[in-house]
Amino acid sequence: MGTQSIIDTKQWRSLKQHQQEIAQIPLRALFEQDPHRQEKFSAQAAGIYLDYSKNPITDATLTLLEDLATSADLKQRTNALFNGEAVNLSENRPALHTALRCRKKAPLYVNNVNITAEIHGALQQMRDFVESIQSGQWQGYNGKAIRHIVNIGIGGSYLGPMAVAEALRPYWTNDVQCHFIANIDGSEFTEIVKNLQPDNTLFIIASKSFGTQETLKNAEAAKAWYLQNGGAEDQVHKHFVAVSSNQSKAQQFGISEANIFPMWDWVGGRYSLWSPIGLPLALTIGMDNFDRLLDGAHEMDTHFIEAPIKQNLPALMALLQVWQINFFGAQSQAIIPYDHCLRGLPAHLQQLEMESNGKRVSQTGAPIQHDTGAIIWGGAGSNGQHAYHQLFHQGTHTVPVDFIVPLQSHNPINDHHDILFANCLSQSRVMMHGKTLPEAEAELRASGHTEQQIKQLAPQKVIPGNRPNNILLTEKMTPQVIGALVALYEHKVFCQSVIWNINPFDQWGVELGKQIGDDIGDALANPQASTKQFDSSTQGLIKKYRNAKK
Ligand code: F6P
């Protein structure tokens, strides 16, 4: 990994030059010039078909982007990732989320420990637990089967399992319902437990560090709720399990050793849903479907390692986003799944992308001289069309969009899926094709408007088009496809980090907020404590809070 900034490379300079040329050619024209454009600029793997033809690219662009990836040693860096090298430089750790879904038994050593054996042991522990809960063999303090799982966790210990559990709602065995408590705000805890009973509820305390304030506070509240609502003190072990890399802290909290599922330092939180952090998911869809999810991710891993860059879905999506961010100035990226069950995916991808690539110094600590991670947001279509798609079509910001849509619905009703699918394609086309002023005028003329009205209204109806978007098409959102989809984004994020030479696996930026939060929390808890160390805004607001508490 060189210390030279990527912007000093001839590949980067060539792309800068090329962008000047490409920017002059409307996407419409690119389609008019080549009736086979869609076939040329699409690729597929692991059940996902990527149509990236509505991007400002030609064959020459792809070659220049491929050269950029090659200049960043993408293939070598990918091998290092999969081989367990310490790719997380600042924490001197590997990032082996790929090992979690590798079905081979071949040993892989981290710090002289064969993690393959640990992973398979953890999967068996999960399977035994899931089957005992689902079968009713595991009973609560008064002999009832557990039917409600409450996952207490935040960030990567919440968003991935939540998003995928929602995505696979059609696969829930319905023996068990899962709920998620993440926020320290008492309203979430209250809302979740108000309809639950302790005797058929089990809490998973999910925390890699077992040191996250929100999670520990909510775990304490859960234990109090359990005891105050009839739970037997000596039966807590039947209603509390933990997932953590810090076994001793979990035991100190009162979780029995047999009820602790492992997590490891060589898995990042936002990459951990494939580990026992995915327990709430496995408890709802069953362990066989969880295995299918792992298989799908593994299939994408294999594609990512083997496919040449121009056919490589993660590399292509990364390079296209680099093209938009660093050469067209895009600041954000929208994830728009046309699938109600995938409505939680944007929230997971926000953490995956923004906590990984929201970085400003390189792996070696040098200030970055170009943009890095985009602002990730999104929501389910078709809802967004009635909320924010206006900005996609006529705003001053260009927001690249990933549309994600299945050919088949799990819940077909009449022609609803036809309409959903048509809406997805229409939004993608309108972003690309737009509507010119002459077209708007002709339309108004044809509908009988006067020339005066046309003169006034037509400019309001112009849609510039020329706005990039990808379509990710799947047959159906099965566990295997969802596994491949999430792994696709994990590797896309990694590819971008390689090109930008940043560390996607640490998150030092969140530490200061936690520390200051503790300091202010102390000041709120102790009305006599001095607040002079804070700015006047913080001091004034602390004072208001203290007065309100009186
Ligand atoms: O503070 C950020 C973070 O560390 C995330 O990276 C992580 O997913 C989340 O907090 C929860 O951490 P833990 O699983 O250790 O409670």
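Just above sits the structure.
In short, a report on the structure. (Residues numbered from 1 in each chain as written. Predicted model: local features only at pLDDT ≥ 70, side-chain atom pairs only at ≥ 80, totals over all residues. Heavy atoms only, no water.)

### Considerations on the layout of surface pockets
In this model, the largest pocket occupies a volume close to 1000 Å³. Around the largest pocket sit 37 residues that line it, and S209, T212, V510, E511 and K514 are the ones nearest its centre. Ranked by the residues each element gives to the lining of the largest pocket, the list is headed by helix α20 (residues 511–525), at five residues. Looking at side-chain class alone, the lining of the largest pocket contains eight nonpolar, 18 polar and 11 charged residues. Empty space within the second largest pocket amounts to approximately 430 Å³. Residue lining of the second largest pocket: 20 residues in total, with D339, H340, S409, H417 and L420 positioned closest to the centre. Top element by residues in the lining of the second largest pocket is helix α16 (residues 416–433). It accounts for three residues. (1 Å grid on protein atoms, 1.4 Å probe; cavity = no way out; pocket = protein on both sides within 12 Å on 5 of 7 lines; lining within 4 Å. Points joined across faces, edges and corners; volume = space filled by probe spheres on them. Helix = DSSP H or I, 4+ residues; strand = E, 2+ residues; numbered from the N terminus. Nonpolar A, V, L, I, M, F, W, Y, C, P; charged D, E, K, R; others polar.)

### Considering the side chain of R28
For R28, the location among the structural elements is in helix α2 (residues 27–33). Here the side chain of R28 touches E439 through a polar contact of 2.7 Å, side chain to side chain. (Polar contact = N/O pair within 3.5 Å; in protein donor to acceptor, adjacent residues only side chain to side chain.)

### Structural notes on empty space enclosed by the protein
If you roll a probe as big as a water molecule over the atoms, it shows you where there is empty space left. With the rule as written, the count across this model stands at three cavities of 30 Å³ or more. What the largest cavity holds in volume is close to 80 Å³. Around the largest cavity, the lining comprises 13 residues; the ones closest to its centre are Q321, Q333, P400, D402 and N470. For the lining of the largest cavity, the elements supplying multiple residues, two or more each, are α13 (313–328), β12 (401–406) and β13 (469–474). Here the lining of the largest cavity gets four residues from one element, more than from any other, and that element is α13. Taken together, the residues of the lining of the largest cavity sort by class into five nonpolar, six polar and two charged.

### Comments concerning the pairing of strand β5 (residues 148–152)
Most of β5 is tucked away: four of the five residues are buried. In the classification by handedness, the crossover that spans β5, the intervening helix α7 (residues 159–167) and the parallel strand β6 (residues 177–181) is right-handed. Where β5 meets strand β7 (residues 201–206), five bridges bridge the pair, whose relative direction is parallel. Within β7, the position partnered with N151 by the bridge is I204. (Buried < 20%, exposed > 50% of the residue type's maximum accessible area, 1.4 Å probe, protein only. Right-handed = clockwise from strand over helix to strand, strands pointing away. Pairing = 2+ DSSP bridges.)

### Concerning unusual backbone geometry
Generally, phi is negative for residues other than glycine and the peptide bonds are trans, each holding for most cases. A cis amide bond, omega 15 degrees, links G381 with the succeeding residue S382. Its identity as a non-glycine residue notwithstanding, A46 has a phi of 50 degrees, on the positive side. Along the chain, A46 turns up in the loop between β1 (42–45) and β2 (48–51). Its relative accessible area of 13% is what places A46 among the buried residues. Phi at N112 takes a positive value of approximately 65 degrees, unusual for a residue other than glycine. The exposed category is assigned to N112, whose relative accessible area is 77%.

### Quick word on the environment of G211
On the secondary structure map, G211 appears in the loop between β7 and α9 (213–228). Classification of G211 by relative accessible area gives partly exposed; the value is 42%. C-alpha separation for the pair G211 and D402, spaced 191 residues apart in sequence, amounts to 35 Å. Ignoring anything within four residues of it in the chain, the contact list for G211 reads L216 and K249. (Contact = heavy atoms within 4.5 Å.)

### Things to note about the sheet that holds strand β8 (residues 240–244)
Pairing within the open sheet is parallel, and its five strands lie in the order β6-β5-β7-β8-β9. Two strands lie at the open edges of the sheet, namely β6 and β9 (260–262), each paired on one side alone. Each strand of the sheet is rotated relative to its neighbour by a mean of 20 degrees, with strand direction disregarded. Bridge analysis of β5 against β6 gives five bridges, and the strand direction is parallel. Looking across to β6, one finds that I152 is bridged to I181. Against the sheet, α9 makes contact with β5, β6, β7 and β8, and its axis sits at roughly 160 degrees relative to β7, the strand it touches most. (Axes fitted to C-alpha atoms, helices over the stretch in contact; angles between N-to-C directions.)

### Overview of the pattern of salt bridges
A pair can form between side chains of opposite charge whenever their charged atoms are brought close. Applying the stated criterion to the full structure yields 21 salt bridges. Put simply, E66 and K310 hold a salt bridge, and the shortest N to O gap is 3.9 Å. In this pair, E66 is assigned in helix α4 (residues 59–71) and K310 in the loop between α12 (287–306) and α13, connecting sequence segments 244 residues apart. Residue E66 is classed as partly exposed on the basis of its relative accessible area, which comes to 23%. (Salt bridge = Lys/Arg side-chain N within 4 Å of Asp/Glu carboxyl O.)

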